[in-house]
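Chain residues, written in single-letter form:
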Amino acid sequence: MSNSVVNIKRIGLLTSGGDSPGMNAAVRAVVRTAAHKNVEVYGIKHGYFGLINDEFITMDTHSVSNIIQRGGTILKSARSEEFRTKEGRKKAAENLKKYEIDALITIGGDGTFAGANIISEEHGINVIGIPATIDNDIVGTDETIGYDSALNTALDAIDKIRDTADAHERMFLVEVMGRDAGFIALETSIAGGAELALLPEELTHIEEVKKQLKDMLKEQRRSSLIVVAEGDEIGGAIKLADKIKGDFKQYDMRVCILGHIQRGGSPSARDRVLASRLGANAVKVLLEGHSQIVVGIVNNALKITPLRVVVSKKKDLDYSLIELAKLLR
Ligand code: F6P
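Since the structure is predicted, the reported quantities are computational estimates derived from the model, not experimental observations.

Draft legend 1. View of the pattern of salt bridges. Tallying each qualifying case throughout the model produces 22 salt bridges. The salt bridge partner of Asp54 is Lys98, with a shortest N-O separation of 2.6 Å. Residue Asp54 is found in the loop between helix H2 (47-52) and strand S3 (56-59), and its partner Lys98 is found in helix H3 (residues 86-98); the two are separated by 44 residues along the sequence. Residue Lys98 is classed as exposed on the basis of its relative accessible area, which comes to 51%.

Draft legend 2. The arrangement of the domain arrangement of the protein chain in detail. Its domain assignment divides the protein chain into domain 1 (10-146 + 267-312) and domain 2 (148-263). At the junction of the two partners, domain 1 supplies 15 residues and domain 2 supplies twelve residues. The largest share of the area that domain 1 buries against domain 2 comes from Asp19, Ile134 and Asp135, three residues that together contribute 41% of it. Here domain 1 is connected to domain 2 by two salt bridges. For Asp19, the salt bridge is made with Arg263, and the minimal N-O distance between the two is 3.1 Å. For the pair domain 1 and domain 2, the number of links is seven residue pairs in polar contact (both at pLDDT 80 or more). Of the residues that constitute the side of domain 1 that touches domain 2, the class distribution is three nonpolar, five polar and seven charged.

Draft legend 3. Here's a closer look at the site of the ligand. The full set of residues close to the ligand is Arg79, Ile134, Asp135, Met177, Gly178, Arg179, Glu230, His260 and Arg263. Between Arg179 and the ligand, the recorded distance is 3.5 Å, taken from a backbone N or O atom to an oxygen atom. For the ligand, whose accessible area on its own is 400 Å², the fraction buried by protein is 75%. Its residues assigned to classes, the shell around the ligand shows two nonpolar, two polar and five charged.

Draft legend 4. Broad picture of a negative patch on the surface. Where like charges cluster on the molecular surface, the negative patch consists of Asp159, Asp163, Asp166 and Glu169. By the secondary structure assignment, Asp166 is in helix H5 (residues 147-168).

Draft legend 5. Inspection of a nonpolar patch on the surface at higher detail. Where nonpolar side chains cluster on the molecular surface, the patch consists of Ile238, Val255 and Ile257 and spans about 240 Å² of accessible area. If you trace the backbone, Ile238 turns up in helix H8 (residues 237-244). The exposure class of Ile238 is partly exposed, given its relative accessible area of 49%.

Draft legend 6. Seen up close, helix H6 (residues 183-191). Among all positions in H6, only Phe183, Ile184, Ala185, Leu186, Thr188 and Ser189 are buried. Just past H6, the residue Gly193 takes up positive phi, approximately 60°.

Draft legend 7. Inspection of the sheet that holds strand S6 (residues 171-176) at higher detail. Spatially, four strands are ordered S7-S8-S6-S9 in an open sheet, and the strand pairing comes out parallel. Because the sheet does not close on itself, it has two edges, and the strands there are strand S7 (196-198) and strand S9 (253-257). Mean inter-strand twist for the sheet, computed between neighbouring axes without regard to direction, equals 20°. Taken together, the six bridges between S6 and strand S8 (residues 224-229) define a ladder with parallel strand orientation. Counterpart to Glu175 in the pairing with S8 is Val228. The sheet contacts of H6 involve S6, S7 and S8, and relative to S8 the element is tilted by about 160°. Against the sheet, H8 makes contact with S6, S7, S8 and S9, and its axis sits at roughly 165° relative to S9, the strand it touches most.

Draft legend 8. Expanded view of the pairing of S6. In terms of burial, S6 is a largely internal element, six of the six residues being buried. Here S6 shows a buried face lined by Met171, Leu173 and Glu175 and a second buried face lined by Phe172, Val174 and Val176. With five bridges joining them, S6 and S9 adopt parallel strand pairing. In the sheet register, Leu173 faces S9, and the bridge partner there is Val255.

Draft legend 9. Quick peek at unusual backbone geometry. Even without a glycine there, the phi angle at Lys76 is positive, about 65°. Backbone geometry places Asn300, a non-glycine residue, at a positive phi of 65°. Locating Asn300 in the fold gives a position in the loop between strand S10 (293-298) and strand S11 (301-306). Given a relative accessible area of 58%, Asn300 falls into the exposed group.

Here is what the cut-offs are and how they apply
Residues numbered from 1 in each chain as written. Predicted model: local features only at pLDDT ≥ 70, side-chain atom pairs only at ≥ 80, totals over all residues. Heavy atoms only, no water. Salt bridge = Lys/Arg side-chain N within 4 Å of Asp/Glu carboxyl O. Helix = DSSP H or I, 4+ residues; strand = E, 2+ residues; numbered from the N terminus. Buried < 20%, exposed > 50% of the residue type's maximum accessible area, 1.4 Å probe, protein only. Domains from an automatic or database assignment. Contact = heavy atoms within 4.5 Å. Buried area = accessible area lost by both parts, 1.4 Å probe. Polar contact = N/O pair within 3.5 Å; in protein donor to acceptor, adjacent residues only side chain to side chain. Nonpolar A, V, L, I, M, F, W, Y, C, P; charged D, E, K, R; others polar. Near = heavy atom within 4 Å. Areas by Shrake-Rupley, 256 points an atom, 1.4 Å probe, with all protein chains shown as cover. Patch = residues over 30% accessible without salt bridge, like charges linked within 9 Å, V, L, I, M, F, W, Y side chains within 5 Å. Lys, Arg positive; Asp, Glu negative; His and termini not counted. Charge placed at Lys NZ, Arg CZ, Asp CG, Glu CD. Pairing = 2+ DSSP bridges. Axes fitted to C-alpha atoms, helices over the stretch in contact; angles between N-to-C directions.

See the structure below:
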């Protein structure tokens, strides 16, 4: 956790990887905090792709008006293959030097931070990470920007599916996002009262799943809803349906994949406040001399964590919540 950065006059700002609701609120907080401190901001469009391909734009307080309530990201996002190469990162570092940028603030998830870490190691670039991903799989913060909004979007869909499942007395397998993390699946399963949740963090024994479902049917449950994390080892809801439908022929089974709907929409109040706090703090700690860190909030207190720690650790689910989900099913 370097704190040798002293004289910051100009920063670069990008959003990268999967967008998440609240990224715009974080962009706004960074730009406005920087303006208060007389620090210039260059926005870089399309994440690391734009960093390599010279998509730099100047930003000021007015360029971030009327965006706090908008999903997506005004800076656009991308996944850049070229940035995975040494040559790509060299071009990116040259552009940062060309624009005389003293530090780069990156808003995104684990892939974004892996990129930030490597460019800082190879080219001595000062970087700060702001965690924004619907997956919530970043250590050093209780929640990532966008997680709360995605959770509520998924829950709203699950509640609606529950109505039609109940009307037709059907079994629904609902797949939620999260890549290889089960945060969305676990919390939507608790909040949506799901009969079962399949999580990447737990081994899935198909015979056990069938037994649990059969036991439920014996208990006279007429409809049921199973939340399946896309990263569960079974390989998602369609594969699960293929594996179990033979045993439940009497039951009208449907699969629903929520997909990218979970990434869109207006950020929740909680995400807007989180993004505002993290964006402002990213600039503050940078000006205090910190870099190669990720800002976060733990137990409602602002926190910084070394970037190399964040990229090397996997965030655990709260196992007491898994127990709770099982108890209440
Ligand atoms: O990391 C965010 C996320 O939405 C994951 O939950 C999902 O697995 C992935 O991105 C989808 O990525 P893409 O939009 O590139 O298909």
